[in-house]
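Coordinate inspection notes
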Amino acid sequence: MNDVLEALINVGVLASAIRIATPLLLAALGEMVTERAGILNLGIEGTITVSAFGSFVVADKADSLWLGVVSGVGAGILLSLLMAVLVSSIKVEQVVAGLALNLFGIGMAFYLFRAVYPQTGSEMPRSDTFDHAEIPLLSDIPAVGEVVFSQHWLTYAAIGCCPLLWWTLNRTQFGLELRSVGNNPAACDMRGINVTGMQYLALMFGGLMAGLAGAFLSVFLSGLFFVDVAAGRGWIALAIVIFGNWRIGRILAGSLFFGYLDAYQLSLQARGVDVPHQLLLALPFALTIAALVVNRRRSHEPLHLGVPYFRGER
Amino acid sequence: MNGPGADSVLLQARGVTKRFPGVVANDDITLEVHRARVHCLLGENGAGKSTLADLFYGVHEPDEGVVELRGEPIHMVSPRDAIAAGIGMVRQHFELVTPMSVLENVVIGTRGEAKVDLRAARERLGELCDLYGVEMDLDTPVGDLAVGQQQWVEILKALYLGCEVLILDEPTAVLTPEGIERLFATLRRMASEGLTIVLITHKLHEVMEISDDVTVLRRGRVVRTSLTSEVTMADLTRMMVGRDVDLAIDVAETSRGDLVLDVSGLDVATESGRGSLKQVSLQVHEREILGIAGVSGNGQDALFDVLVGMSSADGGRILVDAKDVAELSPADRLEIGIASVPADRIHQGLMMDFRISENLILGRQRSGRYRRRGWLNQTSIAKFADESVTDFEIAAPSPAHVTRVLSGGNLQKIVMARELAGQPRLLIVHQPTRGLDIGATEYVRRRLVEERDRGAAILLISEDLDELLNLSSRIAVMFDGRIVGEVDRRDATIDRIGMWMAGVSGVPGEALA
């Protein structure tokens, strides 16, 4: 029982909570922007997988971690462009397109992985990984230094992205118009705003962020690629957007909290504590449903989310 | 008033044709709109007015012909081009981002700095409001405003962009008589200050009241353009429908029978508080039409929903033939003879992708008449469908056809045929002729009177005052969820009802004193 309690505030657990939260935060921020423009992209899980592979294979073969990140991001944007063509130009049902994107992305990534690494031995190919970016002085602070100031540079970037994104969405003409597109595309169209263009941009930003999330999983965390590398993180990111009621502050908090839950359950497993960790794994989704109920009256869900826009339809 | 000279032509259509699958919406339209004048486009529903407006605003591109501005052809592929050229438009259905504030709605689509300069925008908007005497809190979410206010937001949006031509599509549909007066006064003032106004309407008296020029459209073609001062309402009617019509059908007085619907102290709360019902009481008898007047959004939707069983009351009683029906489901209410025609026939009345015959029995599929040993009885359904199509003059290739392809008038006839089939004891109709052309309107009204004469009790909720004054035995007026006045048809005047609709209770003379 002591283990169960001690793990709650263990420094290692807290540090890994922030690490685990990073890809969740990246993907959720991207998805939030996409949804603000009215597009529900259910394909993030697949996008993350493809990007993780893209980063991994380039990092390994070209022997450059930075090139790895760039190609992971490129793969994410490419896949989201495919989504954009489907849902914004051809106006396919968004749920169907998103699910198809997942199947396609995961299948494609695994196929390419096998094509590049045909050997099936027990030895998994490994790439380099980024080192932790320890911030001078600050990282020497006991406990806090290890938890907060010895993370990857991408973790800092993800958190730094939050105020930047908030300002863009709430203080710029572009942000105002992006949010408007998700609420009433017809109104925007009648004001001369290019609805399709906006949705392309929003999806590409979502792809970029999911791409970073994928890169984080392969070339920051593990140096490995495997089919289940995303392990449901794309779905949790979707849940976080709902849990966070489409607001950046709450999405940040939600990502950290869900990251913490995951880190906690991992450490319990590692300690061999006999607690059903599946329950903790399911908790994010249960909490999301609870948040939906609580936010029912004050939901910030974009009014036109998931509905294809046709000019002049009755 | 004299006609304008040729040099004052601002906006012009030359031989414009626009086709949609199966229809020619605009057929070789040529017309000139002169600077600083109010130009009405008059026509029935489906005459092509809104399509023409959309062509002027770049929503659609003409298949043939050109639109010219200041004598130069302009090629528009999107409203962006129209806005850049100085054309503004307020559509019939508002295009507002409801969760956002008035200010934000106005700023959307303005090409400004990267950073939104809300302060400068607020200042300019304030000046516009002052100039035209509009009172509005710029920080209120647009969704919280009344419909009349929302319309001013739309107008402000167009003016803010500095338009030279302002097109308004059926702007009076959502306004009280008083609101219409105010709008028209403002429009006149705008025209006198040099703004050119194109006003789309199907209401003759509006044309006579406000316009300098009028173009009548029928079936996608221009019938004639004239100076309003040179035509009469009778001329316009003839041009509009191609024949003489008197929409006011002959409604004989009847003596009412027993009490059928008895509603007392009805309360229905809504989440936002808008459109709720407060202590509503009303009675409808056999062989009687009770008309409910009111500007939309004053509780009519809640009244309809609670009477047909789509929502439940928070207080009060609903008695039908002295039996409490409050706990009955919509299906149960149908069973005891309560039929209803919803305002939104496309979303609430019909399954657009079903066959016509299927829509004709929607909700009756369990009745023994259409069911045999658990299966649908196709023979009796087909027979009923054939009868209905003939009886109600539904213009359709066959009852097996998909419903979506039909016009609004025919859609409404399907709903009417279905609801009247069981000879209902109580009929609740909501906006039965909204959006219908004159022929269909006449038909629907005649059918309602026939039902009354058969013995049905009818509750007619409508926003069309002419309709209510024509058909109703009594008229009650709703404002802010209450019945604020009730009057016998013989004593009803537009003025009196208009005052009630605006929320002034009592008799007009007293209220003003």
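On a predicted model such as this, the values are computed, not experimentally measured, just so you know. Within each chain, residues carry numbers counting from 1 in the order of the written sequence. Naming scheme: in the order in which they are written, chains are lettered from A and ligands are numbered from 1. Given that this is a predicted model, residues contribute local features only at a pLDDT of at least 70 and side-chain atom pairs are listed and counted only at 80 or more, while totals for whole chains, interfaces and linings are drawn from all residues. Only hydrogens and water are set aside when side-chain values are computed; all heavy atoms of the structure are taken into account.

By the criteria applied, helices consist of DSSP H or I runs no shorter than four residues and strands consist of E runs no shorter than two, each listed in order from the N terminus. Scanning chain A from terminus to terminus reveals 13 helices and zero strands. Each helix (α) and strand (β) of chain A, taken in turn from the N terminus, gives the series α-α-α-α-α-α-α-α-α-α-α-α-α. Just to be clear, the radius of gyration here is over C-alpha atoms, and the globule rule we use is 2.2 Å times residues to the power 0.38. Against the compact-globule benchmark of 20 Å for 314 residues, chain A has a radius of gyration of 20 Å, which places it among compact chains. Partly exposed describes any residue whose relative accessible area lies between the buried limit of under 20% and the exposed limit of over 50%, with all areas from a 1.4 Å probe on protein chains only and scaled to the type maximum. Counting all 314 residues of chain A, 53% fall into the buried class.

Below, the discussion takes up the packing of aromatic side chains. Residues and elements named next belong to chain A. Two aromatic rings from Phe, Tyr or Trp, using only the six-membered ring of Trp, form a pair when their centres are within 6.5 Å; if the ring planes differ by under 30 degrees the pair is stacked, by over 60 it is edge-to-face, and anything between is tilted. Within the structure shown, the criterion is met by 17 aromatic pairs over all chains. A centroid spacing of 5.2 Å and a plane angle of 85 degrees characterise the contact between Trp-66 and Phe-130, whose relative ring orientation is edge-to-face. On the criterion of sequence distance, the pair formed by Trp-66 in helix α4 (residues 65-89) and Phe-130 in the loop between α5 (94-116) and α6 (144-148) is long-range, its members being 64 residues apart. Centre to centre, the rings of Phe-130 and Trp-153 are 5.7 Å apart; their planes meet at 80 degrees, and the pair counts as edge-to-face.

All right, on to a nonpolar patch on the surface then. Residue and element names in this part refer to chain A. A contiguous nonpolar patch, built from Leu-82, Phe-104, Met-108, Tyr-111 and Leu-112 and spanning about 460 Å² of accessible area, is present on the exposed surface. Considering each element in turn, the nonpolar patch owes the most residues, four residues, to α5. By secondary structure assignment, the location of Phe-104 is in helix α5. Under the relative-accessibility criterion, Phe-104 is labelled partly exposed at 39%. Like charges are joined within 9 Å and nonpolar side chains (Val, Leu, Ile, Met, Phe, Trp, Tyr) within 5 Å, but only among residues with over 30% relative accessible area and no salt bridge; these make up the patches. Per-residue and other accessible areas follow the Shrake-Rupley method at a 1.4 Å probe size, with only the shown protein chains counted as cover for residues. Should a side-chain nitrogen of Lys or Arg be within 4 Å of a carboxyl oxygen of Asp or Glu, the pair is scored as a salt bridge.

Once that is clear, we can look at the pattern of salt bridges. Residues and elements named next belong to chain B. Under the criterion given, the structure shown has 34 salt bridges over all chains. Among the ionic pairs, Arg-19 bridges to Glu-64, the shortest N-O distance being 2.7 Å. Remark: Glu-64 occurs in strand β4 (residues 64-69) and Arg-19 occurs in strand β1 (residues 9-20); sequence separation between them is 45 residues. Taking the relative accessible area as the measure of exposure, Arg-19 reaches 41% and is therefore partly exposed. Judged by relative accessible area, Glu-64 falls into the partly exposed class, the value being 39%. Two residues, Arg-91 and Glu-95, come together in a salt bridge whose shortest N-O distance is 3.0 Å. For the residue pair Arg-91 and Glu-95, the accessibility class agrees, reading buried in each case.

All names here are of chain B. Mapped onto the elements, Lys-18 comes out in strand β1. At 3.1 Å, the side chain of Lys-18 and the backbone oxygen of Glu-61 are in polar contact. Two residues qualify as a contact provided that any one of their heavy atoms is within 4.5 Å of a heavy atom in the partner residue. Ignoring anything within four residues of it in the chain, the contact list for Lys-18 reads Val-24, Ala-25, Asn-26, Thr-51, Leu-55, His-60, Glu-61, Pro-62 and Asp-63. N or O atoms closer than or at 3.5 Å make up a polar contact, with two conditions inside protein: a donor-capable atom paired with an acceptor-capable one, and, for residues adjacent in sequence, both atoms drawn from side chains.

Residue and element names in this part refer to chain B. The quantity known as pLDDT measures the predictor's confidence residue by residue, on a range of 0 to 100. Considering every residue of chain B, the mean pLDDT works out to 88; 94% of them sit at 70 or more. Mean pLDDT across the elements of chain B bottoms out in helix α18 (residues 508-512) (39) and peaks in strand β20 (residues 457-461) (97). In this model residues 507-513 is a low-confidence stretch, pLDDT under 50, and it forms seven contacts with partners more than four residues away in sequence or in other chains. Model confidence for the complex is summarised by a pTM of 0.78, with the ipTM given as 0.84.

Residue and element names in this part refer to chain A. Taking 1.5 Å per residue, 26 residues should reach 38 Å; helix α2 (residues 11-36) reaches 36 Å between its end C-alpha atoms and fits that length. Approximately 30 degrees is the largest bend angle found in α2, and it occurs at Ala-21, with the proline Pro-23 only one to four residues beyond. With 23 of 26 residues buried, α2 lies mostly within the body of the structure. The distance from a side-chain oxygen at the start of α2 to the backbone nitrogen of Gly-12 is 2.7 Å, and the residue carrying that oxygen is Asn-10. Just beyond α2, the residue with positive phi is Gly-38, at close to 95 degrees. How far a helix is expected to stretch is found by multiplying one less than its residue total by 1.5 Å. Here the bend at a residue means the angle between the axes of two seven-residue stretches, the one that ends at it and the one that starts at it.

Taken together, the 25 residues of chain A in the interface contact 37 residues of chain B. For the pair chain A and chain B, the summed buried area comes to about 2,500 Å², and 55% of that belongs to carbon and sulfur atoms. Across the contact surface, chain A and chain B share one salt bridge. One salt bridge in this structure joins Arg179(A) and Glu104(B), with 3.9 Å as the shortest N-O distance. Mapped by element, the contributors of at least two residues to the side of chain A that touches chain B are α7 (153-171), α8 (173-183) and α9 (185-190) of chain A. A 1.4 Å probe defines the accessible area here, and the buried area is the portion of it lost by two parts on being joined, summed over both.

With that settled, consider the pairing of β4(B). Residue and element names in this part refer to chain B. Strand pairing is assigned whenever DSSP detects at least two bridges linking the two strands. The pairing of β1 with β4 spans five bridges and is classified as antiparallel. The residue of β4 that forms the bridge with Arg-14 is Val-66. The pairing of β4 with strand β5 (residues 72-74) spans three bridges and is classified as antiparallel. Its bridge partner lying in β5, Val-67 is registered against Ile-74. Between β4 and β5, which pair antiparallel in sequence order, lie two residues; one of them, Arg-70, sits at a positive phi of approximately 50 degrees.

Further remarks concern the environment of Leu166(B). Residue and element names in this part refer to chain B. Here Leu-166 is to be found in strand β7 (residues 165-169). Placed 128 residues apart in sequence, Leu-166 and Val-38 show a C-alpha to C-alpha distance of 9.6 Å. Contacts of Leu-166, omitting those with residues within four sequence positions, involve Gly-88, Met-89, Val-90, Ile-155, Ala-158, Met-190, Leu-195, Thr-196, Ile-197 and Val-198.

All names here are of chain B. With 14 residues, helix α5 (residues 147-160) should cover 20 Å at 1.5 Å per step; its first-to-last C-alpha distance of 20 Å lies within 8% of that length. Counting buried positions along α5 gives eleven out of 14 residues, so the element sits mostly inside the fold. Buried-residue contacts for α5 involve β6 (87-90), α3 (102-107), α4 (118-132), β7 and α6 (177-192). Where α5 ends, the next residue or the one after it, Gly-162, has phi of about 75 degrees, a positive value.

For the rest of this paragraph, the subject is the packing of helix α3 (residues 44-61) of chain A against α4(A). Packed helices, taken two at a time, are described by the angle between their axes plus the distance between the axes. Residues and elements named next belong to chain A. Geometry is summarised by axes, namely lines fitted to C-alpha atoms with helices restricted to the contacting stretch, and by angles between N-to-C directions that run from 0 to 180 degrees. Remark: α3 packs on α4, axes separated minimally by 7 Å, with the N-to-C direction vectors making an angle of 150 degrees. As the angle between them shows, α3 and α4 are arranged roughly antiparallel. Regarding α3 and α4, the two cross each other, and that crossing is right-handed. Two secondary-structure elements touch here, α3 through Gly-46, Thr-47, Val-50, Ser-51, Gly-54, Ser-55, Val-58 and Ala-59 and α4 through Leu-65, Leu-67, Gly-68, Val-69, Ser-71, Gly-72, Ala-75, Gly-76 and Leu-79. The nonpolar class holds Ala, Val, Leu, Ile, Met, Phe, Trp, Tyr, Cys and Pro. Asp, Glu, Lys and Arg form the charged class, and all remaining residues, Gly among them, are polar. Split by residue class, the contact of α3 with α4 holds eight nonpolar, nine polar and no charged. Any angle that is under 35 degrees is reported as roughly parallel, and any over 145 degrees as roughly antiparallel; angles of 65 to 115 degrees are reported as roughly perpendicular and all others as oblique. Should the near helix be turned counterclockwise from the far one by less than a right angle, the crossing is left-handed, whereas a clockwise turn marks it as right-handed.

Attention now moves to the nonpolar core. Here, nonpolar core refers to any group of buried Ala, Val, Leu, Ile, Met, Phe, Trp, Tyr and Cys residues whose side-chain atoms link them within 4.5 Å. Core analysis: the biggest nonpolar cluster contains 140 residues, and Leu29(A), Met32(A), Ile155(B), Leu166(B), Leu187(B), Met190(B) and Leu236(B) have the highest contact counts within it. Ignoring sequence-local partners within four residues, the contact set of Leu187(B) consists of Leu168(B), Ile197(B), Leu199(B) and Ile210(B). Within the second largest apolar cluster, 48 residues are counted, among which are Leu350(B), Leu406(B), Ala417(B) and Leu460(B).

Once that is clear, we can look at the state of the cysteines. For the purposes of this analysis, a disulfide is any pair of cysteine sulfur atoms at a distance within 2.5 Å. Considering all chains together, one arrives at zero disulfides over all chains under this definition. There is no disulfide at Cys161(A), and the cysteine sulfur nearest it, in Cys162(A), is 6.3 Å away. Its sulfur unpaired, Cys40(B) is 17 Å from the next cysteine sulfur, which belongs to Cys163(B). Looking at Cys40(B), the relative accessible area reads 0%, which means it is buried.

Before going further, it helps to spend a moment on the sheet that holds strand β16 (residues 338-341) of chain B. All names here are of chain B. Strand order in the open sheet formed by six strands is β16-β19-β20-β13-β21-β22, and the pairing between neighbours is mixed. Both outer strands of the open sheet, β16 and β22 (482-488), are each paired with one neighbouring strand and no more. Between one strand axis and the next, the sheet turns through 20 degrees on average, direction left out of account. As judged from the five bridges shared by strand β13 (residues 288-293) and β20, these two strands associate in the parallel manner. Note on β20: the bridge partner recorded for Ile-292 is Ile-461. Most of the contacts of helix α9 (residues 300-308) go to strand β19 (residues 426-430), to which it runs at about 150 degrees, and overall it touches β13, β16, β19, β20 and β21 (474-479). Contacting β13, β21 and β22, helix α17 (residues 494-501) crosses the sheet at an angle of about 30 degrees to β21.

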